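Examination of the molecular architecture
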Amino acid sequence: RITEVTEFDAIADREHFIVAYPTGVDTAWNCFGNPHTGVDDIGFLSALIDTLHEDYHIDLNRVYFTGMSNGGFMCYSAACLLGHRVAAIASVAGSTTDSMLVYCQPSRAMPIMHIHGDADWIVNYNGSFVGGLGGNNSVDSSLQYWVQYNNCPSSPAETMLPDADETDGCTVRKILWAPCDNGSEIIHYRVIDGGHTWPGSPIDFNGWGGNANNDFKASEVIWEFFSQYTLQGKVTTSVNEASENFVFTVEPNPADDVLKVRGEGMKSMKLNDLSGKVIFHRKIENHAHTVSIAMLSSGMYFVVCEFEKEIRTFKIVKR
């Protein structure tokens, strides 16, 4: 059912990534109490990442979690306890709980997208939970936890999305906290008068969850958000950066036969394909390197450069 609701299969085929749909025990996730008791879903999801890497050679720097309702809660639990393995999360109609935050041990600034209807009668936007699994925190308090942890600006930027469907009974306000540590962002789509649904889904919820928004497609904006991040931080789209103390260039871009990479203080560089496969890895001794890419197929690749105190990732296109 979730495949039909989200349509992530089609996006994965188009954008060349792997999507998996894990299910918790008895179709529920253990994320409402002490995560160290009961079913070990954190361990299960970590093992799933290992399995996908072993079987499909996924890029371990580009693993993302998204889910709806109970799955949205589990995404926040993963942000707390699997931050070293998950590059970004997106929670749809989920939240956090007091107990989750008691045991929360973030390991890095986590890029977060949260999509939620403020008329959600199941996971209440302002807190409390009708579904019988305990009380949830309000969306605002859940986001503020991460705003503070990620060291984001206290005042967000807010914009209204165009009301593309005036018949759906709801509109959308986008709330953005940025920039935060390590290039992370926190983005909240508040669906005004929206219910417990997945915006833009082709599935007719028949009014069961409340108003279903059609002004944007949640799956598309989630993937656009995810694609900007690796475990090392935000992927830089500009490949020429200069400041008084730092110079970095990757040129030409797009490239045909040769790629020239130069960075002051650069220790090593890798070239990865979209699946995360390392095409080559070189140590750099003179802060510069010339790479022959004539034999590569046309498409997008990632240049990953290691410096003394950071790792930078850049998109390049091979023509």
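Just above, that's the structure.
The structure contained in this document is the topic of the report that follows. (Residues numbered from 1 in each chain as written. Predicted model: local features only at pLDDT ≥ 70, side-chain atom pairs only at ≥ 80, totals over all residues. Heavy atoms only, no water.)

1. Some thoughts on the state of the cysteines
- Scanning the entire structure with this criterion turns up 2 disulfides.
- Paired through a disulfide, cysteine 80 and cysteine 104 show a sulfur-sulfur distance of 2.1 Å. Handedness of the cysteine 80-cysteine 104 disulfide follows from its S-S torsion of about -95°: it is left-handed. Of this pair, cysteine 80 sits in helix H4 (residues 70-81) while cysteine 104 sits in the loop between helix H5 (98-102) and strand S3 (112-117), placing them 24 residues apart in sequence.
- Judged by its relative accessible area of 1%, cysteine 80 falls in the buried class.
- Across the disulfide from cysteine 152 sits cysteine 180; the S-S distance is 2.0 Å. A torsion of 110° about the S-S bond marks the disulfide between cysteine 152 and cysteine 180 as right-handed. Taken as a pair, cysteine 152 in the loop between helix H6 (139-149) and strand S4 (157-160) and cysteine 180 in the loop between strand S5 (171-177) and strand S6 (186-192) lie far apart in primary sequence, 28 residues in all.
- A residue is classified by how much of its surface remains accessible, and cysteine 152, at 12% relative accessible area, is buried. (Disulfide = S-S within 2.5 Å. Helix = DSSP H or I, 4+ residues; strand = E, 2+ residues; numbered from the N terminus. Buried < 20%, exposed > 50% of the residue type's maximum accessible area, 1.4 Å probe, protein only.)

2. Quick look at the packing of helix H3 (residues 41-56) against H4
- At a closest axis distance of 11 Å, the pairing of H3 and H4 adopts a crossing angle of 80°. Compared by their axis directions, H3 and H4 come out roughly perpendicular. Residue-level contacts link Asp41, Ile42 and Leu45 of H3 to Met74, Ser77, Ala78 and Leu81 of H4.
- Residue classes in the contact of H3 with H4 are distributed as 5 nonpolar, 1 polar and 1 charged. (Axes fitted to C-alpha atoms, helices over the stretch in contact; angles between N-to-C directions. Parallel < 35°, antiparallel > 145°, perpendicular 65-115°, else oblique. Contact = heavy atoms within 4.5 Å. Nonpolar A, V, L, I, M, F, W, Y, C, P; charged D, E, K, R; others polar.)

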